[in-house]
Amino acid sequence: MARSRVVLGDLRVQVLKRSGGGQSYTIVWPDGSVDEEADGYLRPFEGSGSQKTYAYSLVDHLRWRAREGLTTDTVRLLDLHRYMGAVGAKVPMPYGQPWRVPPQRPYGDSALQVAAACLKGFYLHQCALRGGVNDELRDALSIGRLPTKSDRSRAFLGHVKTSMPANPLAPKRRTRRRHPKMLPDGAKPELREAVNTARDEMVVTWLSDTSLRIGGLTGLHLVDLHLREDAPCGECREPHLHVCHRWGNANRAAAKIKPDWRLVDGTVTGGEIYRASPAMISSYFKYMTTEYAKYATGHGMLLIQLSGPNRGQPWTADAARGMLRRAGRRADLPGRITPKAFRHQFTNDVLDASGGEPLVAKATGNWASMQMVDEVYGHPDLHSPQFTAALKTVWGEQE
């Protein structure tokens, strides 16, 4: 029987709007009182996207814990493994009644990793805060593992490391998929033809010519754009833009990566820097001189809504995803068009154009690790002349 939407105890995530425009997240009981344990754990994540993610992951666990009649004092590692099994992890034990039942779906790999990290952090925080509470669980969660070669290379004085923290709740990571989902063949020009507005055309162009994430694109402000040569920021001679993480954007869009940035005498410096192509600049001026000039309301953000009661207000990342999905259907493109596919396609194209040089692809795509670029995108084209020639040489067919 499907579990009712009204869960036991009716714990819920409460969104708190801050004066600076940002939002905080905590967990409250039906009477509106704050769950002190959850709030104490979530408070250090104030101002980051992790607070929202952990709040929704933690409230699900607290609801399950209430159904099982457990508390922080009585829960054991075995119970936490049962919970991970109930939400979708593969555990070699009976875990009881499934927790996520239709129409809900079991957690995927990424959600299970988040849940494991959240549970370990939450219970270690409670054990340390209250002192002597559930020492058995604290010891079970405070395990370590031998450092790998990658651990040693990333750490300062890594050669002297003898142990790394481990999470007994985390499921085994699957092998990284080496072929990320790309755009369908010919998708970029067909999408430009299928969109209905200059704003949408600009979004498709900017996603096509950079490795921008959708949160960074919809979070752009006009002051972030230096679309001329020798901009006063002094950080890039060519036209470029700065993606800056802002907590208080009106549309809740935020950049994933958070390098330092600042505004000095009206000029933005720092943040993630992306080069701008001539097509990007052309689509920008087309949008600004038509739709933006007609509807903008002075909030300073780049992308705005063009219809509806909130016309002129900042456009959200979800709305941009929906636009791409609908444009893909109108263009009869196979599959679902997502912003991430543009990022994958751009990185793959740059890697091919640079002769397989991962350092170039890392720099142009603002990837954090050259090793990751090489692992994910550095695979040979099975239809390339070089690949075919190598096979024929091995087979003894090369003249």
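**Quick word on the packing of aromatic side chains**
Enumeration according to the criterion identifies ten aromatic pairs in this entry. Seen in terms of ring centroids, Tyr-41 and Tyr-54 are 6.2 Å apart; in terms of plane orientation they differ by 25°. Their pairing is stacked. Highlighted residues: Tyr-41 in helix H1 (residues 36–42) and Tyr-54 in helix H2 (residues 49–68), separated in sequence by 13 residues. Classification of Tyr-41 by relative accessible area gives buried; the value is 5%.

**Re the packing of helix H12 (residues 339–353) against helix H13 (residues 358–365)**
Following both chains from N to C, one finds H12 and H13 inclined at 145°, their axes separated by 8 Å at the closest point. For the crossing formed where H12 meets H13, the hand is right-handed. Side by side, H12 and H13 meet where Arg-343, Phe-346, Thr-347, Val-350 and Leu-351 of the first sit next to Pro-358, Val-360, Ala-361, Thr-364 and Gly-365 of the second.

**Topic: a positive patch on the surface**
Taken together, the side chains of Lys-181, Arg-326, Arg-329, Arg-330 and Arg-336 make up a positively charged region of the molecular surface. Positionally, Arg-329 belongs in helix H11 (residues 317–330). Residue classification places Arg-329 among the exposed residues on the basis of a relative accessible area of 53%.

**What to know about the pattern of salt bridges**
Pairs may arise between side chains of opposite charge once their charged atoms sit close together. In the structure shown here, the tally under the stated rule is 17 salt bridges. A salt bridge links Glu-46 to Arg-18, with the shortest nitrogen-to-oxygen separation between them at 3.3 Å. Here Glu-46 is found in the loop between H1 and H2, whereas its partner Arg-18 is found in the loop between strand S1 (12–17) and strand S2 (23–28), with 28 residues between them in sequence. Here Arg-18 falls in the partly exposed class, since its relative accessible area comes to 37%. Arg-130 is the partner of Glu-37 in a salt bridge, and the nearest nitrogen-oxygen pair spans 3.1 Å. Linking Glu-37 in helix H1 with Arg-130 in helix H4 (residues 109–130), this pair joins segments that are 93 residues apart in sequence. The class for Arg-130 is partly exposed, based on a relative accessible area of 36%.

**Here's the deal with helix H7 (residues 187–194)**
All of the buried residues along H7 are Ala-187, Leu-191 and Ala-194. The buried residues of H7 occupy one face: seen down the axis, they fall within an arc of 65°. Where H7 is buried, its residues contact helix H8 (198–209), H11 and H12.

**Re the sheet that holds strand S9 (residues 272–275)**
A sheet is described by the order of its strands in space; here three strands give the open sequence S5-S6-S9, paired in antiparallel fashion. Every other strand in the sheet has two partners, leaving strand S5 (225–226) and S9 as the edge strands with one partner each. For strand S6 (residues 240–243) and S9, the ladder comprises four bridges, and the chain directions are antiparallel. Directly across from His-242, in S9, lies its bridge partner Ile-273.

Cut-offs applied
Each chain has its residues counted from 1, following the order in which its sequence is written. Local features in this predicted model are restricted to residues whose pLDDT is 70 or higher, and side-chain atom pairs enter the listing and the counts only when it is 80 or higher, whereas totals over whole chains, interfaces and linings include all residues. Side-chain measures were taken over the full set of non-hydrogen atoms in the model, leaving aside hydrogen atoms and water. Two aromatic rings from Phe, Tyr or Trp, using only the six-membered ring of Trp, form a pair when their centres are within 6.5 Å; if the ring planes differ by under 30 degrees the pair is stacked, by over 60 it is edge-to-face, and anything between is tilted. Only DSSP runs of H or I reaching four residues or more are called helices, and only runs of E reaching two or more are called strands; each is numbered from the N terminus. Only protein chains enter the accessibility calculation, which uses a 1.4 Å probe. A residue is then buried if its area is under 20% of the maximum for its type, exposed if over 50%, and partly exposed in between. Inter-axis angles, ranging from 0 to 180 degrees, are taken between N-to-C directions of lines fitted to C-alpha atoms, where helices are fitted over the stretch in contact. Handedness of each helix crossing follows the sense of rotation of the near helix against the far helix: counterclockwise by less than a right angle gives left-handed, clockwise gives right-handed. Any pair of residues with heavy atoms lying within 4.5 Å of one another is described as a contacting pair. Patches were defined on residues exceeding 30% relative accessible area and lacking a salt bridge, with like-charge contacts within 9 Å and nonpolar side-chain contacts (Val, Leu, Ile, Met, Phe, Trp, Tyr) within 5 Å. Areas reported here follow the Shrake-Rupley algorithm with a probe of radius 1.4 Å; residue values treat only the protein chains shown as occluding. Whenever a carboxyl oxygen of Asp or Glu lies within 4 Å of a side-chain nitrogen of Lys or Arg, that contact is scored as a salt bridge. Residues scored as positive are Lys and Arg, those scored as negative are Asp and Glu, and His as well as the terminal groups of each chain are ignored. Charge placement uses NZ in Lys and CZ in Arg. For Asp and Glu, CG and CD serve respectively. The directions considered for the arc are those from the helix axis to the C-beta atoms. Two strands form a pair only when DSSP identifies at least two bridges running between them.

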